[in-house]
Amino acid sequence: MCRTGNEHICEHVQFFSVDVDGFLAEYAVAHEDILWPVLDKSMPWEIAALQESLGNSVYTVAESDVAGKDVAVFGLGPTGLNAVAVAKHMKARSVLAVAGSPEHIALAKKMGATHIVDRHKVDPVEELQRLTGGNGVDVSLEMSGNANALKQALQATKPTGRVTILGLYANAVELDWSKLIVLKDLTVRGIYGRRIWDTWKLTASLLKDGLNVEPVITHRFNGISDFETGFKLMTEGKCGKCVFFPHR
């Protein structure tokens, strides 16, 4: 795969903090071939560090042809929230964010969502249909890894539309492929990681062009001694991104 320009899905890929030691430390070791230089010296440390995870959102949105389209985002963890900002920056006509927690709803507004669909108060599919004049959205981005969200994304997308999936599902998902996909002439695309180095270049370009993802960072920690607090916030869904500054 690497020889065909698909290093991001290398058969022998290893992940930091999973296969090898991670970066919650004062120092870490990484091969120079996988390091991305931050040429903009005015870029804040936290935004520079955010580029890796932001790349997931950039890759997902960039492959979905969102300009001038009605775009629904399912799953508003940090990656979904970033997708909201990226879709808005890439000229989506509207960005409809499907959320459940008060924290994520508030963050979605800050990230530029045109409409918020509270899945605890309304049926997401019916509400997305209503907000698009009964047509359905042009593009659905499924960022949650929740089986129900995937089904809703397929239902809410209009015929000939596109569903792009970044979410990973814990179990096999059963779908009515004929009804939800084939008879609607949908395009369904899976996304994994980010392209090396195309997505990184695009991410840097978007940030330079004014893409603002700063609101997704809700907590900053000096040092790493409070890592349990940060992990607890993330586990409970009470935050956007938590950033640690080991050198402070």
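Overview of the structure. (Residues numbered from 1 in each chain as written. Predicted model: local features only at pLDDT ≥ 70, side-chain atom pairs only at ≥ 80, totals over all residues. Heavy atoms only, no water.)

## Section: a nonpolar patch on the surface
Side chains of Met1, Ile9, Val13, Phe15, Val18 and Tyr192 sit close together on the surface and give an oily, nonpolar patch of about 520 Å² of accessible area. By the element assignment, Val18 lies in the segment before helix 1 (45-62). (Patch = residues over 30% accessible without salt bridge, like charges linked within 9 Å, V, L, I, M, F, W, Y side chains within 5 Å. Areas by Shrake-Rupley, 256 points an atom, 1.4 Å probe, with all protein chains shown as cover. Salt bridge = Lys/Arg side-chain N within 4 Å of Asp/Glu carboxyl O. Helix = DSSP H or I, 4+ residues; strand = E, 2+ residues; numbered from the N terminus.)

## Notes on the nonpolar core
The biggest cluster of nonpolar side chains holds 40 residues, and the ones touching the most others in it are Val73, Leu76, Val84, Leu141, Leu211 and Val213. Contributing elements (two or more residues each) for this core: helix 1, strand 1 (70-74), helix 2 (78-89), strand 2 (94-99), helix 3 (102-110), strand 4 (137-142), helix 7 (198-208) and strand 8 (241-245). No other element matches the seven residues that helix 1 contributes to this core. Ignoring anything within four residues of it in the chain, the contact list for Val73 reads Gly80, Ala83, Val84, Val95, Leu96, Ala97, Val98, Leu141 and Met143. Grouped together as the second largest cluster of nonpolar side chains are 18 residues, Val137, Val163, Leu175 and Leu186 included. (Core = buried A, V, L, I, M, F, W, Y, C linked by side-chain atoms within 4.5 Å. Buried < 20%, exposed > 50% of the residue type's maximum accessible area, 1.4 Å probe, protein only. Contact = heavy atoms within 4.5 Å.)

## Concerning the side chain of Thr132
With respect to the helices, strands and loops of the structure, Thr132 is situated in the loop between helix 4 (124-131) and strand 4. In this structure the side chain of Thr132 is engaged in a polar contact, spanning 2.9 Å, whose partner is the backbone nitrogen of Gly136. Setting aside residues no more than four positions away along its own chain, Thr132 makes contact with Asp70 and Val137. (Polar contact = N/O pair within 3.5 Å; in protein donor to acceptor, adjacent residues only side chain to side chain.)

## Notes on the packing of helix 1 against helix 2
Running from N to C, helix 1 and helix 2 point in directions that differ by 50 degrees, and their axes come no closer than 8 Å. Classed by the angle they form, the pair helix 1 and helix 2 counts as oblique. Here helix 1 and helix 2 pass one another in a crossing that is right-handed. Only Thr79, Asn82, Ala83, Val86 and Ala87 of helix 2 make contact with helix 1, whose side of the interface consists of Leu54, Asn56, Ser57, Val58 and Val61. Here the residues of the contact of helix 1 with helix 2 sort into six nonpolar, four polar and no charged. (Axes fitted to C-alpha atoms, helices over the stretch in contact; angles between N-to-C directions. Parallel < 35°, antiparallel > 145°, perpendicular 65-115°, else oblique. Left-handed = near helix turned anticlockwise from the far one by under 90°. Nonpolar A, V, L, I, M, F, W, Y, C, P; charged D, E, K, R; others polar.)

## Re the pattern of salt bridges
Opposite charge on two side chains makes pairing possible when the charged atoms of those side chains draw close. The final tally for this structure, using the stated rule, is eleven salt bridges. Across the pair Asp70 and Arg93 runs a salt bridge whose closest N-O atoms are separated by 3.0 Å. Here the residue Asp70 occupies a position in strand 1, and Arg93 occupies one in the loop between helix 2 and strand 2, the gap between them amounting to 23 residues. We classify Arg93 as exposed; its relative accessible area is 57%. Asp138 is paired through a salt bridge with Arg93; the nearest N and O atoms lie 3.7 Å apart.

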